[in-house]
Amino acid sequence: MGQKGQETRARLLDATQDLIESGGYFAAGLNQIIAASGAPRGSVYFHFRGGKDEMVVESLTRAADAITAAIKELDAETPRELVQRTLGLLGDRLEQSDWQKGCPIATVALDVSGNNDEVRQACSAAYTAWERALRDRIGSDDLATAVLALIEGAILLARTHRSREPLERAGRVIATLL
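Each chain carries its own residue numbering, running from 1 in the written order of its sequence. Confidence filtering applies because this is a predicted model: local features only for residues at pLDDT of at least 70, side-chain atom pairs given and counted only at 80 or more, and all residues used for totals across whole chains, interfaces and linings. Excluding hydrogens and water, the side-chain values take into account all heavy atoms of the structure.

Caption draft 1: Region of the structure containing the overall build of the protein. Each helix is a run of DSSP H or I of at least 4 residues and each strand a run of E of at least 2, with the numbering of both proceeding from the N terminus. Per the secondary structure count, the protein includes nine helices and zero strands. Starting at the N terminus and ending at the C terminus, the protein contains elements arranged as α-α-α-α-α-α-α-α-α. Between the two quantities, the radius of gyration covers C-alpha atoms and the globule rule is 2.2 Å times the number of residues to the power 0.38. The C-alpha atoms of the protein give a radius of gyration of 17 Å, which matches the 16 Å a tight globule of 178 residues would have. Once the C-alpha set of the protein is aligned to its principal axes, its extents read approximately 55 × 35 × 30 Å. Buried means the residue's accessible area, taken with a 1.4 Å probe over protein chains only, is under 20% of the maximum for its type, while exposed means over 50%, and partly exposed covers the values in between. Here the protein holds 178 residues, and the buried ones make up 46% of them. Here, residues are in contact when the closest pair of their heavy atoms is within 4.5 Å. In the protein, the share of contacts with a sequence separation of at least 24, taken over all contacts with a separation of at least 6, comes to 67%. Surface accessibility of the protein: about 9100 Å² in total, with carbon and sulfur atoms responsible for 51%. Here, Shrake-Rupley sampling with a 1.4 Å probe gives the accessible areas, and only protein chains in the shown set may cover a residue.

Caption draft 2: Geometry of the environment of Leu 148. Here Leu 148 is to be found in helix H8 (residues 141-161). In contact with Leu 148, not counting residues within four places along its chain, are Tyr 127, Trp 130, Glu 131 and Leu 134.

Caption draft 3: Broad picture of the packing of helix H5 (residues 79-96) against H8. Axis geometry follows a simple rule: fit a line to the C-alpha atoms, using only the stretch in contact for helices, then measure angles between N-to-C directions, giving values from 0 to 180 degrees. Here H5 crosses H8 at 25 degrees, and the two axes come no closer than 11 Å. Taken together, the axes of H5 and H8 lie roughly parallel to each other. Our pair here, H5 against H8, has a crossing hand that is right-handed. For the pair H5 and H8, contact is made by Val 83, Thr 86, Leu 87, Leu 90 and Leu 94 and by Val 147, Ile 151, Ile 155, Ala 158 and Arg 159, respectively. Per-class residue counts for the contact of H5 with H8 are eight nonpolar, one polar and one charged. Orientation is classified from the angle alone, with under 35 degrees giving roughly parallel, over 145 giving roughly antiparallel, 65 to 115 giving roughly perpendicular, and any other angle giving oblique. For any pair of crossing helices, the crossing counts as left-handed if the nearer helix is rotated counterclockwise from the farther one by less than a right angle, and right-handed if it is rotated clockwise. Classification convention: Asp, Glu, Lys, Arg as charged; Ala, Val, Leu, Ile, Met, Phe, Trp, Tyr, Cys, Pro as nonpolar; all other residues, Gly among them, as polar.

Caption draft 4: Layout of helix H2 (residues 30-37). Every buried residue belonging to H2 is among Ile 33, Ile 34 and Ser 37, and all of these are buried. Looking down the long axis of H2, one finds its buried residues gathered within 95 degrees of arc, a one-sided arrangement. The outward face of H2, more than 90 degrees from its buried face, is lined by the exposed residues Ala 35 and Ala 36. Looking at the residues trailing H2, positive phi occurs at Gly 38, about 75 degrees. What the arc covers is the set of directions going from the helix axis to the C-beta atoms.

Caption draft 5: Expanded view of unusual backbone geometry. The phi dihedral of Trp 99 falls on the positive side, at around 70 degrees, and the residue is not glycine. Relative to the helices and strands, Trp 99 is located in the loop between H5 and helix H6 (106-112). Owing to a relative accessible area of 10%, Trp 99 belongs among the buried residues under this scheme. With a phi angle near 55 degrees, Arg 162 is a residue other than glycine that sits in the positive phi range. In this structure, Arg 162 sits in the loop between H8 and helix H9 (165-177).

Caption draft 6: Highlighting the nonpolar core. As used here, the term nonpolar core means buried Ala, Val, Leu, Ile, Met, Phe, Trp, Tyr and Cys residues forming a set that is joined through side-chain atoms within 4.5 Å. By size, the foremost hydrophobic cluster in this structure holds 51 residues, and its most contacted members are Leu 60, Ile 105, Val 108, Val 119 and Leu 134. For this core, the elements supplying multiple residues, two or more each, are helix H1 (3-23), H2, helix H4 (51-73), H5, H6, helix H7 (117-138), H8 and H9. In terms of residue count, the dominant contributor to this core is H7 (eight residues).

Right, here's the structure in full:
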């Protein structure tokens, strides 16, 4: 695939990611993806023979990989510091998107995890990777799961309330657990 093809493919994935993160699986119809990406209609099936679900799965994987890398790369000496910096990173992301981009996985997981196994598996893989990244830095599977659950809930509340306060409160609770 040439440079132009790679750019078109990337634009399709970026558009898919933006649409699913802000509005969920059903907000990312093919027409919306094509319009948001500026890509020709024929390029969708050229680059993604599996259509929308293939684009969604790859977009989820890319987003999950970016969050996993961010957790692994955060400069933090203690688990508490790691969580505080993670919450700060996610809060910044929410505010910069005008409260539209919280968790890049949650909206899709809630939309289709009960009836689309391929997409559910991608969501599951994302959450598993995040739990592992947290566990590697925190040292406990149970704490990593609890921390992730608190962060996910706090992101939802922060997005709904358009406030960082839920993230700050979750951070205080997590600090007592660690």
